[in-house]
Each structure stands twice: as C-alpha cells, then as structure tokens.
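Structural description and commentary
Listed below are the residues making up each chain.
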Amino acid sequence: MPQSIYEKYGGFSAISRIVLDFYDKALDSDEIGDFFDDVDMNRLVDHQTKFIAYLTGGPADYTETRLKQVHAHLGIKDDHFDEMKRLLADSLSEHGMTGEDVGAVLDAIEQRRNVIVV
Amino acid sequence: MLIEAISEQLLKAMGVGVALVNAGDLKIRFTNPTFCEWFGQSHNGSSIGDVFESLNVEALRETLSKTGQYTLETRVKKKRRILIIELAFREAVHEGGDIIVVECQNISRVREMESMLDSYAHMVERKTRDLELEKEQVEKLLLNIMPRSVYEEFKTFGVVTPQLYEPVSVLMLDFVGFTSMAASADPTVTVGELNDIFSSFDRIAEQFGCERIKTLGDAYLAVSGLPHPNIDHARAVTNSAVRFARYLQRRNQSHQHQWQCRIGLASGAVVGSVVGVQKYVYDVFGPAVNLATRLQVLSEPMEITVHGDMAAELADEFQLIDGGKQDVRGFGKQQIYKISI
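Residues numbered from 1 in each chain as written. Chains lettered and ligands numbered in written order. Predicted model: local features only at pLDDT ≥ 70, side-chain atom pairs only at ≥ 80, totals over all residues.

**Thoughts on the overall build of chain A**
In terms of regular secondary structure, chain A is built from seven helices and zero strands. Counting helices and strands in the order they occur from the N terminus, chain A gives α-α-α-α-α-α-α. Within chain A, buried positions represent 25% of all 118 residues. Sequence-distant contacts, at least 24 apart, represent 74% of the contacts inside chain A between residues at least 6 apart. (Helix = DSSP H or I, 4+ residues; strand = E, 2+ residues; numbered from the N terminus. Buried ≥ 20, exposed ≤ 12 C-beta atoms within 10 Å, placed from the backbone. Contact = placed C-beta atoms within 7 Å.)

See the structure below:
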C-alpha cells in the first residue's frame, strides 16, 4: 500500500500542528472567520482534526453525506471555499509539505466542493 | 531605576494578565496591559467581583484564608475566539498591607490541544475496532481453507511445517456428467446448486468428524484424522459418504437437476501443508489421497468404493458388497468393495 501524506509527514504529531495553525488562520480570516463565530471550540477542533486527517489519508472516515450535513446550514459560497483552500495551502506549506503533496490535498478538497458549497 | 519601577515595567510587559487587589475591600489597585486587553480598561477602584461575575467572593475569601490560593476559570470573547482564562488568586504583602495577586493565564491552546487529542483518540479507537472486525473476517476466511491448529501455527510462525498424518481416511467425491451439465444449463444456476450441495456436505462432514480440505471444480475432498487423530477415521468418512449419497438421492426427488456422485474412500497416510506464498491453500498429499481418487473413478454413479484394508474396519457397521480384484493404477491389484447406501 502506498504511504499516505498523513504517514509521510509523521502522522498525528505533524498533522496536529497543521490543524491548529489552520484553525487560527480560519478564525482570524476576515473572509471566512465569521462562519466560526460562536461555534463551540471542541466541535470545531474535532471537525478540523478529522477533516484534515481524512484529506491526508489518516485514520478518519468522513462520508460526503456527513460533510454535507455539517456545512448545509452555513450558506458557504465558492469565494469562501477558495479562501479556505488558500489558508489550508498556506498552513500545509508553512509546515514543510512539498508543493506536490499540497496539490494532492487541495485536489482532494476540491473534489468535495459541491458538498460543501451550497 | 527603583526596584518598584522595574517590577511595574515587568508586570506590564508580561503575556500573563496580572491584577493587584486589596485583600480587605477587594478593590483593584493595578492591572497590567494583558489583563486590560482581556477584561477591559480602567478597573482601578472597582471591585474584583464586578469584573468577574462568576467569582464567588465568599468562597474566594474562605479558600484564600485556608490555603492561600484560589483558582477560577473564565471565558472572554476576543473577536471571534472564546478565550479560556485561568485565574489564580494568591495572597501577598505590598507596602505593609495585605493584597491579592490575580494571575491570569490564557489556557485556550491547552484546551484546544485536549479537544484535538480527544478527537484523535476517537478516530484511532474507531479505526482499531474496524481493524479488529476486518481481522475476524480474514481469520474466518482462513479457517475455511485450513484447520484451526494449522492456522494458529501459520499465524504464529508465518509458515506451516508439512506434517505427516497417519492413519487417516480420505473421501473423494466427484459428480457424474458435471461438465456437460454446466455446459447445457445456465452455469450460474449449476454453480449455485453446487454451492448448496457442498455447503450441506460441509455440515454432514463436520457432524461425523471429517474436515473438508478443498473442492476443485465439482470434486470434493474430505479427511478424517487430521489435524487431530481420530481412531474412528474410517467409519467417519464412510458415514459421511453414505450421508452424502442419501442427501443427493433425497434432493434429486424434488429438483430438476439430477446430481449423481461417485465416491472413493481410502485409509493411509497423508502429508498436510500450506502450499504457496501469496495465494496459499491448505492441501493434503500422499498415497491415501491418490488411492481414494482412483477408487472414486472405479465407482459407478451413486456408488461408494473402498479398498480391502479399510473395508475390514467397516464390516461391523456397513453392508459391503464384494467388487472383486481390480487393477488400481499405482497400487497394483486391489480387492475392492462397494458400500451399500
């Protein structure tokens, strides 16, 4: 079995740093930060940990139905989605991921655009 | 610079929020910039109880007098983020009077890490459960192709040492005209029926202490006396063989396809082993297997053929019909018997 990006960068210890960094960036972003206003911290961290683990081939299972469910009521538009991708790309690169792997993660997230954007 | 001025500058530069409060009336005397950033400006002169609504002043006084320290957790919203701040109240003396030092630590990141660890633990636990289930499935599949004791050896050592089993009895069954039946009828139906029949054979074999080793096309091979010795091995395979034939007779009465079998039984030695590395099967080899195969060929449809040595073991329980001496390839002239169904 080929090694996943999750394993390649050292598993949870590396991914956890990316998650926290992305969490900060998302909350501080003027474009998408408001989506996270008043969201319970535990839930948000839980979601982002699982989601990023899922995108990088870690031990999380996210069905598209579940993704649709958690995003449905938020009214996320393409612009928001693009901003989120940009922030995630920054987080991944800043934590030493190669351009190729960042591209792979972004591709993976792009494939879920239609379940996240309404 | 006076020590006092240095202390004040230090307090102002700290990332920890600090407030100094009169021990008597709980009025705030000093707050550093970090404190103000979190809890607002110009507290001087107001009571600490007004700043932290969740603060129980009586409890604070009581605990401070007993232990000298009191802690409290509070939340403040800064922009979109809810900060979790831990407040520690400690008694101190300043300019000859009793004061309380309130030290405020931002523990949001700690909490975020905790919740991330929870999240990770859940993911891993779930994955572990899934893996356990998968492992059970694989185990079940492997137990279908090899005896449990062989599987245990395979699991522990990664290899199986070929082992000689003697004496054992082998049952070899083959269907009459299966090839033409499979060609003439819908093959999926034929194979479906074959599956039914073999599943029934498995149950019968197990009931009589035999182990099915393999099926190959329409051939069915079972052994008794392996992996655990069975003194009744000859009777075990014969009982199974008779039940197989009776089962088919009964089944044929109510089904369109007529299934007719030939069975050969032989006692002797076999070697059992796992064969192959990637695509492994558990198989048996040896004279008993070969003889059973040859005797099966000598059977007419719905007949069970057995050789002389084995027949001696069965005479008490089964009705044997003398089949005379027959030339069995590789085994010379053999006295054979047919077993009445």
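From this point, the narrative continues.
**A closer look at the overall build of chain B**
Of the regular secondary structure elements, chain B holds eleven helices and 13 strands. Put simply, chain B has 341 residues, and 28% of those count as buried. Sequence-distant contacts, at least 24 apart, represent 55% of the contacts inside chain B between residues at least 6 apart.

**Structural notes on the interface of chain B and chain A**
By a widely used convention, the size of an interface equals the accessible area lost when the partners come together. Between chain B and chain A, the contact holds twelve residues from the first and 17 residues from the second. Counting residues per element, the ones that place at least two in the side of chain B that touches chain A are β4 (81-94) and α5 (108-145) of chain B. The element that contributes the greatest number of residues to the side of chain B that touches chain A is α5(B), accounting for nine residues. For the side of chain B that touches chain A, the class distribution of residues is five nonpolar, two polar and five charged. (Nonpolar A, V, L, I, M, F, W, Y, C, P; charged D, E, K, R; others polar.)

**Here's the deal with the pairing of strand β1 (residues 17-22) of chain B**
Taken residue by residue, a regular strand's side chains alternate between the two faces of the sheet. Residue and element names in this part refer to chain B. Residue alternation in β1 divides its side chains into a buried set, G17, A19 and V21, and an unburied set, V18, L20 and N22. In the sheet, β1 pairs with strand β2 (residues 28-31) via three bridges, with the strands oriented antiparallel. Directly across from A19, in β2, lies its bridge partner T31. Count of turn residues in the β1/β2 antiparallel hairpin: five residues, of which L26 carries a positive phi of about 60 degrees. (Pairing = 2+ DSSP bridges.)

**Observations regarding the packing of helix α3 (residues 41-55) of chain A against α5(B)**
Between two packed helices, the angle of one axis relative to the other and the distance separating the axes together describe the packing. One can describe the packing of α3(A) onto α5(B) by two numbers: an axis separation of 9 Å at closest approach and a directional angle of 50 degrees. Viewed along their axes, α3(A) and α5(B) adopt a mutual orientation that is oblique. At the point where α3(A) passes α5(B), the crossing takes the right-handed sense. For the pair α3(A) and α5(B), the contacting residues are A:M41, A:N42, A:V45, A:D46, A:T49, A:K50 and A:A53 in the first and B:R111, B:E112, B:S115, B:M116, B:S119, B:Y120 and B:M123 in the second. Along the lines of polarity and charge, the residues of the contact of α3(A) with α5(B) split into six nonpolar, four polar and four charged. (Axes fitted to C-alpha atoms, helices over the stretch in contact; angles between N-to-C directions. Parallel < 35°, antiparallel > 145°, perpendicular 65-115°, else oblique. Left-handed = near helix turned anticlockwise from the far one by under 90°.)

**Side note on helix α4 (residues 57-67) of chain B**
Counted residue by residue, α4(B) has one buried out of eleven residues, so it is predominantly exposed. Where α4(B) terminates, the next one or two residues include B:G68, which has phi positive at roughly 80 degrees.

**Quick notes on the sheet that holds β2(B)**
Residue and element names in this part refer to chain B. If you trace the five strands from one edge of the open sheet to the other, you get β2-β1-β5-β4-β3, paired in antiparallel fashion. Strands at the two margins of the open sheet, each flanked by one partner only, are β2 and β3 (69-78). Across this sheet, the average inter-strand angle for adjacent strands is 25 degrees, counted without regard to direction.

**Re the packing of helix α2 (residues 12-28) of chain A against α3(A)**
Residue and element names in this part refer to chain A. Close contact between α2 and α3 brings their axes to 10 Å; oriented N to C, the two are set at 125 degrees. Comparing the axis directions of α2 and α3 gives the class oblique. Handedness of the α2/α3 crossing: right-handed. Across the interface between the two elements, I15, I18, V19, F22 and Y23 of α2 pack against L44, V45, Q48, T49, I52 and A53 of α3. Here the contact of α2 with α3 is composed, by residue class, of nine nonpolar, two polar and no charged.

**Topic: the environment of B:P227**
Examined against the element boundaries, B:P227 turns out to sit in the loop between β8 (219-224) and α9 (233-254). Sequence-distant contacts of B:P227, that is, excluding residues within four places in its chain, are made with B:P147, B:S149, B:V150 and B:G272.

**Brief notes about the pairing of β3(B)**
Residue and element names in this part refer to chain B. Sparse coverage of β3 is indicated by the burial of one of its ten residues. In the sheet, β3 pairs with β4 via ten bridges, with the strands oriented antiparallel. Residue pairing across strands places Q69 opposite R90, the latter belonging to β4. As consecutive antiparallel partners, β3 and β4 are separated by two residues, and within that stretch K79 has a phi angle of approximately 55 degrees, a positive value.

**Some details on α3(A)**
Since the α-helix advances by 3.6 residues per turn, residues separated by three or four positions end up pointing in the same direction. For α3(A), spanning 15 residues, the distance from its first C-alpha to its last is 21 Å, which sits close to the expected 21 Å at 1.5 Å a residue. Every buried residue of α3(A) is accounted for by A:V45, A:Q48, A:T49, A:K50, A:I52, A:A53, A:Y54 and A:L55. Elements in contact with the buried residues of α3(A): α1 (5-8), α2 and α6 (99-110) of chain A together with α5 of chain B. Backbone geometry just after α3(A) places A:G57 at a positive phi near 85 degrees. (Expected span 1.5 Å × (residues − 1).)

**What about the environment of B:P147?**
All names here are of chain B. Within the secondary structure layout, P147 lies in the loop between α5 and α6 (148-157). Here P147 falls in the partly exposed class, since 17 other C-beta atoms lie within 10 Å of it. Here the alpha-carbon distance between P147 and Y282, two residues 135 residues apart in the chain, equals 8.4 Å. When sequence neighbours within four positions are dropped, the list of residues in contact with P147 reads E211 and P227.

**Topic: the confidence of the model for chain A**
When pLDDT is low, close inspection of the predicted coordinates is not appropriate. Within chain A, residue pLDDT values average 88, and 99% of them lie at 70 or more. Averaged pLDDT values over the elements of chain A bottom out at 86 in helix α4 (residues 64-72) of chain A and peak at 93 in helix α5 (residues 78-94) of chain A. (pLDDT = per-residue confidence, 0-100.)

**Some remarks on the confidence of the model for chain B**
Residues and elements named next belong to chain B. Of all residues in chain B, 99% have pLDDT values of 70 or greater, and the mean over the chain is 89. Confidence, expressed as mean pLDDT per element, reaches its minimum in chain B at helix α1 (residues 3-13) with 76 and its maximum at α9 with 96. Reported confidence for the predicted complex is 0.82 by ipTM and 0.61 by pTM.

**A closer look at unusual backbone geometry**
Residue B:P167 follows B:E166 across a cis peptide bond; omega there is 0 degrees. The phi dihedral of B:K79 is positive, around 55 degrees, even though this residue is not glycine.

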